[in-house]
Amino acid sequence: MSELPNDPSNSAPVEATQELTELLADIASTVPLARTALAGATDLKRLEEVRVEFLGKKSKLSDFSTRMGALSKEEKPVAGKILNARKGEITALFKQRQDELEARELEQRLVRESVDITLPGLRTIRGNRHPVALVAQQVTEIFTSMGFRLESGPEIETEWFNFDALNMTDDHPARDMQDTLYTERGHVLRTHTSPTQIRSMLKLGAPLAVITTGRVYRNDSDATHSPMFHQMEGLLVDENISVGHLKGTLTTFLKALFGENVKVRLRPSFFPFTEPSIEVDVWNEQRKGWMEVLGSGMVHPNVLRNGGVDPEKYTGFAFGLGLDRLAMVKYGIPDLRLLFENDLRFLRQFA
Ligand code: PHE
């Protein structure tokens, strides 16, 4: 046949019929192929690839259209009709698969993006004040409302401010290494807030009314003593100040803190920096006993002098109290160490 390409006996009708047969067979076999390929496309991206393969411009079906060009006039419409029917069938199968996959993807997206509005929200953990800070704040508010001014001093103090200026001589037992934490070259961790008495007088002069709250340090540690604890200090200096003023001020303070019906008792005591010295007790109804809450007294003339204040013209009173002890009494805390362990289960109770 190759030697006789133009032989009319070998041409069109016989070969064309065979071509038509082959073409129709190929067209027919395309539908199950497409069906399998569509079933294998499990997402929309793969489905698009299948569409291009079967229905696109360079697809199998467009290939059949090209092959149709070689058919006779009579055969063309026959093949065309069949091709169109199969194309329609494959297009329908594609649409059906597309709908399926789109529905599946939407469903998956809904599951993925669903929000359970019944779930509890994320909580922000809020901090709260430490019980000692709470008491310090209350005490400060009471005294500032009476006209006292808030002052502060360093925690590393010179021996002069901590002891000498407060009339505590070299042989005073508090200066012993046993009680005091020495740093270097005449410095100590302040053992009380009283050095701020001297600092305030030197800074502000007389008359004055100041308070200080802050950390103090002593070489001591058990259920009722911590090497670091907190004190509040008060000092008032003016002309003609007497024990009556001291008693009135401290009674007012204790009523504000413990309530109007608080029972207060003044008791003689001794501090080198006050003369006379007075300890103040408050009646504890639960324990049926007096409870010591603060030390106080009339400022010693030597102390006024060391603060640059003329003791001939001015007198004053001073007082100091332990804020940790006050917090323990106020909140019923049995062991001082609880205040310094930073256990959140304990601290959160003061929120
Ligand atoms: N500084 C004394 C102490 O630490 C307390 C105090 C202060 C006493 C002021 C009298 C006047 O115990």
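Procedures and definitions
- Residues numbered from 1 in each chain as written.
- Predicted model: local features only at pLDDT ≥ 70, side-chain atom pairs only at ≥ 80, totals over all residues.
- Heavy atoms only, no water.
- Helix = DSSP H or I, 4+ residues; strand = E, 2+ residues; numbered from the N terminus.
- Rg over C-alpha atoms; globule rule 2.2 N^0.38 Å.
- Buried < 20%, exposed > 50% of the residue type's maximum accessible area, 1.4 Å probe, protein only.
- Contact = heavy atoms within 4.5 Å.
- Areas by Shrake-Rupley, 256 points an atom, 1.4 Å probe, with all protein chains shown as cover.
- Domains from an automatic or database assignment.
- Salt bridge = Lys/Arg side-chain N within 4 Å of Asp/Glu carboxyl O.
- Patch = residues over 30% accessible without salt bridge, like charges linked within 9 Å, V, L, I, M, F, W, Y side chains within 5 Å.
- Lys, Arg positive; Asp, Glu negative; His and termini not counted.
- Charge placed at Lys NZ, Arg CZ, Asp CG, Glu CD.
- Near = heavy atom within 4 Å.
- Polar contact = N/O pair within 3.5 Å; in protein donor to acceptor, adjacent residues only side chain to side chain.
- Pairing = 2+ DSSP bridges.
- Axes fitted to C-alpha atoms, helices over the stretch in contact; angles between N-to-C directions.
- Core = buried A, V, L, I, M, F, W, Y, C linked by side-chain atoms within 4.5 Å.

1. A word on the overall build of the chain
Assigned secondary structure in the chain consists of 11 helices and 9 strands. Here the C-alpha atoms of the chain give a radius of gyration of 49 Å, more than 25% beyond the 20 Å that 2.2 N^0.38 yields for 351 residues. With the C-alpha coordinates of the chain rotated into their principal frame, the extents come out at 150 × 50 × 35 Å. Relative to its full complement of 351 residues, the chain shows a buried share of 37%. The long-range fraction of contacts in the chain, counting pairs at least 24 apart against all pairs at least 6 apart in sequence, stands at 66%. A total of about 20,700 Å² of accessible surface is found on the chain, and carbon and sulfur atoms cover 53% of it.

2. Brief notes about the domain arrangement of the chain
What the domain assignment lists for the chain is domain 1 (2-112) and domain 2 (131-350). Using C-alpha coordinates to define each centre, domain 1 is positioned 99 Å away from domain 2.

3. Description of the pattern of salt bridges
For the structure shown, the criterion picks out 18 salt bridges. Between Arg109 and Glu113 there is a salt bridge; the shortest N-O distance is 3.5 Å. Its salt-bridge partner being Glu260, residue Lys255 comes within 3.7 Å of it at the nearest N-O pair.

4. Considering a negative patch on the surface
A cluster of acidic residues, Asp43, Asp99, Glu102 and Glu105, forms a negative patch at the surface. Examined against the element boundaries, Glu102 turns out to sit in helix α4 (residues 75-112).

5. A short note on the site of the ligand
Neighbouring the ligand are 14 residues, the closest being His192, Ser194, Arg218, Gln231 and Glu233. Between the ligand and the protein, one listed contact pairs a nitrogen atom with a side-chain N or O atom of Ser194 at 2.9 Å. Compared with its free state, where it exposes 320 Å², the ligand has 89% of that area covered by protein. When residues of the shell around the ligand are traced back to their parent elements, those giving at least two are β5 (228-238), β8 (289-299) and β9 (315-322).

6. Topic: the sheet that holds β9
Overall, mixed pairing links the 7 strands, which are arranged β1-β4-β5-β9-β8-β7-β6 in an open sheet. Strands at the two margins of the open sheet, each flanked by one partner only, are β1 (149-150) and β6 (264-271). As paired elements, β5 and β9 share 8 bridges and run antiparallel to each other. Residue pairing for β9: Met232 is matched across the bridge by Leu321. The strands touched by helix α8 (residues 243-258) are β6, β7 (274-284), β8 and β9; relative to β8, the strand with the most contacts, the crossing angle is about 140°.

7. Some details on unusual backbone geometry
Leave glycine aside and you will find that most residues have negative phi; peptide bonds, for their part, are mostly trans. With an omega dihedral of -5°, the bond running from Ala206 to Pro207 counts as a cis peptide bond. Secondary-structure assignment places Pro207 in the loop between α7 (195-204) and β4 (208-217). Residues Glu275 and Pro276 are joined by a peptide bond in cis, for which omega reads -5°. By secondary structure assignment, the location of Pro276 is in strand β7.

8. Quick notes on the nonpolar core
Counting 39 residues, the largest nonpolar core has Val139, Phe143, Phe253, Leu294, Phe319 and Leu323 as the members making the most contacts within it. Ranked by residues supplied to this core, first place goes to helix α5 (residues 131-145) with 7 residues. Beyond its immediate sequence surroundings of up to four residues, Val139 is in contact with Met232, Phe253, Leu257, Leu323 and Leu326. One finds Ile27, Ala37, Val50 and Leu55 within the second-largest nonpolar core, a separate group that totals 22 residues.

9. Observations regarding α7
Every buried residue belonging to α7 is among Pro195, Thr196, Gln197, Ile198, Ser200 and Met201, and all of these are buried. At its buried positions, α7 is contacted by β2 (156-158), α6 (159-162), β4, β5, α9 (301-306) and β9. Backbone geometry just downstream of α7 places Gly205 in the positive-phi region, at approximately 70°.

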